[in-house]
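Examining the three-dimensional arrangement
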Amino acid sequence: MSDIFPKWTNKLPAMVIVGGMIVGGVVTAGITYYMTPKYARVGYTPVQPVAFSHAIHADQLGLDCRYCHNGVEKSWYSNVPAASTCMNCHNQVLKDDPKLALVRESAATGKPVPWVQIHKTPDFVYFNHAVHVNRGVSCVHCHGPVNKMDEVRHSKSLGMSFCLECHRDPAAKIRPNEHVFNLDWQAPEGFAKSGGAKLVKDWNVHPGESCSVCHR
Amino acid sequence: MRYFFAALFGFLLLALTVFGIAGRRGTDFRKPPLEIFDDMVRQAKLRPQVPNSFMADGRSSQAHVAGTVAQRIGDHGNDTWQGTAENTGMEPGKTNFVATIPVPVTAALMARGRERYNISCLPCHSATGDGNGITKKIGAMPVVANLLDKNAIIIPDGQVFHIIGQGKAPNMQGYAANIEINDRWAIVAYVRSLQRARFATLEEVPAADRATLK
């Protein structure tokens, strides 16, 4: 019999078990770590066709988010502004700057500026901007501190667990409506328990956790 | 046994290489995120403001057909195509501006006007309306109208409405696309209150609030 099974095969079961555990463990850890938007999307900072800085416009100059994203309170999506909105100021400010050539061309001809979309929920997710910003969910919750960004960077995962975190406990994140577009607002100590819970009750906020809330 | 350890070592080396190339979570990157099996994630349906090869001009969001207007915009219950004073700021059938705001001026309208003014007008005209907004402070716009000036006060409400929507040559562009009709009237009401406040006396301030002023 020793001719058929050499001596080393005595250790084969142990090798299979130990090897399998190590390989399986590393592969599982790798998939868990990498195959999620936390890895795949967070940090995405594409080069935009026009080097628009939110830090300059929103933070230094103090423009409200809604000066440009003027449809966000009425619409399910937050619009990219028309080039004519840029030209409200840039018909005078930096009016001949080559960096703004695309914007001027767009305003004159209607040819869109090819902005690169960064935050892209899957098409089977029906996220509604208006219902969130009108009920105390700030831009900063999902988009991060955009008002401090020179280049917009995907800073939150926007995966399903990210959404559910808030849907399961809205009082923890909700804020008064007048602070929704103030991205620097910090909730006072213990706000979630008192003020947050009150807003959830007053506004009758029932975010829901069933599939059909977001998937239709 | 040697081969077993060699294979295991090789595998761990491979895993380490993958980690070395893929890096850690949250690292900045420029290229679009990799999407495997994206046929449900990116469906063949229209989404707003994205490129779309079906349309002749390549966009999914189409502009109005030339010469047409929207019948209604948002929850505004007024037929916006009709030439009423509310829609045009002018007396129906005439070209003179209405003297007073043709919608009911309520506390809610005033609050709305304040909010909308602070979004769209404040950057240039400043919080008080004196024209010393941030654009003038940084020297970007030398000429900004002072809304507390006599010229801005004597014009009829309808003309203020008209300027918000259609702009004022040569520098101010119209905000008709950005501010709905109702909101434009709200801003008119708020601008009027700023002008009134500029020339108010201490006696007109409620006694309880006087201490907060200098």
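Residues numbered from 1 in each chain as written. Chains lettered and ligands numbered in written order. Predicted model: local features only at pLDDT ≥ 70, side-chain atom pairs only at ≥ 80, totals over all residues.

1. Quick notes on the overall build of chain A
Looking only at helices and strands, one finds 11 helices and zero strands in chain A. In chain A, the succession of helices and strands from N to C terminus is α-α-α-α-α-α-α-α-α-α-α. Computed over C-alpha atoms, the radius of gyration of chain A comes to 25 Å, more than 25% over the 17 Å expected from 2.2 N^0.38 for 216 residues, which places it beyond the range of a compact globule. By its C-alpha atoms, chain A is 95 × 50 × 35 Å across when sized along the principal axes. Among the 216 residues that make up chain A, the fraction classed as buried is 22%. Intrachain contacts of chain A at a sequence separation of at least 6 include 73% that bridge at least 24 residues. (Helix = DSSP H or I, 4+ residues; strand = E, 2+ residues; numbered from the N terminus. Rg over C-alpha atoms; globule rule 2.2 N^0.38 Å. Buried ≥ 20, exposed ≤ 12 C-beta atoms within 10 Å, placed from the backbone. Contact = placed C-beta atoms within 7 Å.)

2. Things to note about the overall build of chain B
In terms of helices and strands, chain B carries eight helices and two strands. The secondary structure elements of chain B, listed N-terminal to C-terminal, are α-α-α-α-α-α-α-β-β-α. Over its C-alpha trace chain B gives a radius of gyration of 29 Å, far above what one expects of a compact globule, namely 17 Å for 214 residues. If you line up chain B on its principal axes, its C-alpha atoms span 95 × 55 × 35 Å. For chain B, the residues scored as buried account for 21% of the 214 residues in total. Long-range pairs, those at least 24 residues apart, make up 45% of the contacts in chain B with a sequence separation of at least 6.

3. Examining the packing of helix H7 (residues 157-166) of chain B against helix H8 (residues 181-198) of chain B
Residues and elements named next belong to chain B. Packing of H7 against H8 brings their axes to within 9 Å, and their N-to-C directions diverge by 125°. Here H8 runs oblique to H7, going by the angle between their axes. Considering the relative orientation of H7 and H8, their crossing is right-handed. Across from Asp-157, Val-160, Phe-161, Ile-164 and Gly-165 in H7, the residues of H8 making contact are Arg-184, Trp-185, Ile-187, Val-188 and Val-191. Of the residues contributing to the contact of H7 with H8, the split by class is seven nonpolar, one polar and two charged. (Axes fitted to C-alpha atoms, helices over the stretch in contact; angles between N-to-C directions. Parallel < 35°, antiparallel > 145°, perpendicular 65-115°, else oblique. Left-handed = near helix turned anticlockwise from the far one by under 90°. Nonpolar A, V, L, I, M, F, W, Y, C, P; charged D, E, K, R; others polar.)

4. A word on the domain arrangement of chain A
Segmenting chain A into domains produces domain 1 (7-35) and domain 2 (54-80 + 115-214). With centres defined by C-alpha atoms, the gap from domain 1 of chain A to domain 2 of chain A works out at 43 Å. (Domains from an automatic or database assignment.)

5. Comments concerning the interface of chain B and chain A
Taken residue by residue, the interface counts 38 residues in chain B and 46 residues in chain A. Elements with a contribution of two residues or more to the side of chain B that touches chain A: helix H1 (2-22), helix H3 (107-120) and helix H5 (134-137) of chain B. The greatest single-element share of the side of chain B that touches chain A, amounting to six residues, is contributed by H1 of chain B. Of the residues belonging to the side of chain B that touches chain A, the class tally is 21 nonpolar, 11 polar and six charged.

6. Thoughts on helix H5 (residues 83-90) of chain A
Taken together, the buried positions of H5 of chain A are occupied by Ala-83, Thr-85, Cys-86, Asn-88 and Cys-89 of chain A. Considering only its buried residues, H5 of chain A is in contact with helix H4 (65-68) and helix H6 (101-109) of chain A together with H5 and strand E2 (172-173) of chain B.

7. A word on unusual backbone geometry
Residue Pro-170 of chain B follows Ala-169 of chain B across a cis peptide bond; omega there is 0°. Note on placement: Pro-170 of chain B falls in the loop between strand E1 (167-168) and E2. The backbone of Leu-94 of chain A shows a phi angle near 50°, a positive value even though the residue is not glycine. Along the chain, Leu-94 of chain A falls in the loop between H5 and H6. Unusually for a residue other than glycine, Gln-49 of chain B sits at a positive phi of about 60°. Assignment of secondary structure puts Gln-49 of chain B in the loop between H1 and helix H2 (85-88). Residue Gln-49 of chain B is classed as partly exposed on the basis of its 16 C-beta neighbours within 10 Å.

8. Details of the confidence of the model for chain B
Residue and element names in this part refer to chain B. Averaged over chain B, the pLDDT score is 89; the fraction of residues at 70 or greater is 96%. Here H2 stands out as the element of chain B with the lowest mean pLDDT, 87, in contrast to H3, whose mean of 96 is the highest. Listed scores for the predicted complex are pTM 0.89 and ipTM 0.88. (pLDDT = per-residue confidence, 0-100.)

9. So, the environment of Asn-171 of chain B
Structurally, Asn-171 of chain B is set in the loop between E1 and E2. Once the C-alpha coordinates of Asn-171 of chain B and Pro-206 of chain B are considered, the two residues, 35 residues apart in sequence, prove to be 39 Å apart. Ignoring sequence-local partners within four residues, the contact set of Asn-171 of chain B consists of Gln-92 of chain A together with Val-143 of chain B.

10. Quick look at the nonpolar core
Membership of the largest hydrophobic core comes to 23 residues, with the highest contact counts inside it found for Trp-185, Ile-187, Val-188, Ala-189, Tyr-190 and Val-191 of chain B. Elements that contribute at least two residues to this core include exactly H3, helix H4 (122-125), H7 and H8 of chain B. Considering each element in turn, this core owes the most residues, nine residues, to H8 of chain B. For Trp-185 of chain B, the residues in contact, after removing those within four places along its chain, are Ile-101, Val-103 and Phe-161 of chain B. Counting residues in hydrophobic clusters, the runner-up holds 17 residues, among them Leu-63, Tyr-67, Cys-68 and Val-133 of chain A. (Core = buried A, V, L, I, M, F, W, Y, C linked by C-beta atoms within 7 Å.)

11. Some details on the packing of helix H1 (residues 12-34) of chain A against H1 of chain B
Geometrically, a packed helix pair is captured by the angle between its two axes and the distance between the axes. Here H1 of chain A crosses H1 of chain B at 5°, and the two axes come no closer than 11 Å. Between H1 of chain A and H1 of chain B, the interaxial angle falls into the category roughly parallel. Contacts from Met-15, Gly-19, Ile-22, Val-23, Val-26, Gly-30 and Tyr-34 of chain A in H1 of chain A reach Phe-4, Leu-8, Phe-11, Ala-15, Val-18 and Ala-22 of chain B in H1 of chain B.

12. Some words on the environment of Pro-145 of chain A
Residues and elements named next belong to chain A. Relative to the assigned elements, Pro-145 resides in the loop between helix H8 (139-143) and helix H9 (160-168). In sequence terms Pro-145 and Ala-14 are 131 residues apart; their C-alpha atoms lie 52 Å from each other. Excluding residues within four positions of it along the chain, Pro-145 makes contact with Val-140 and Leu-183.

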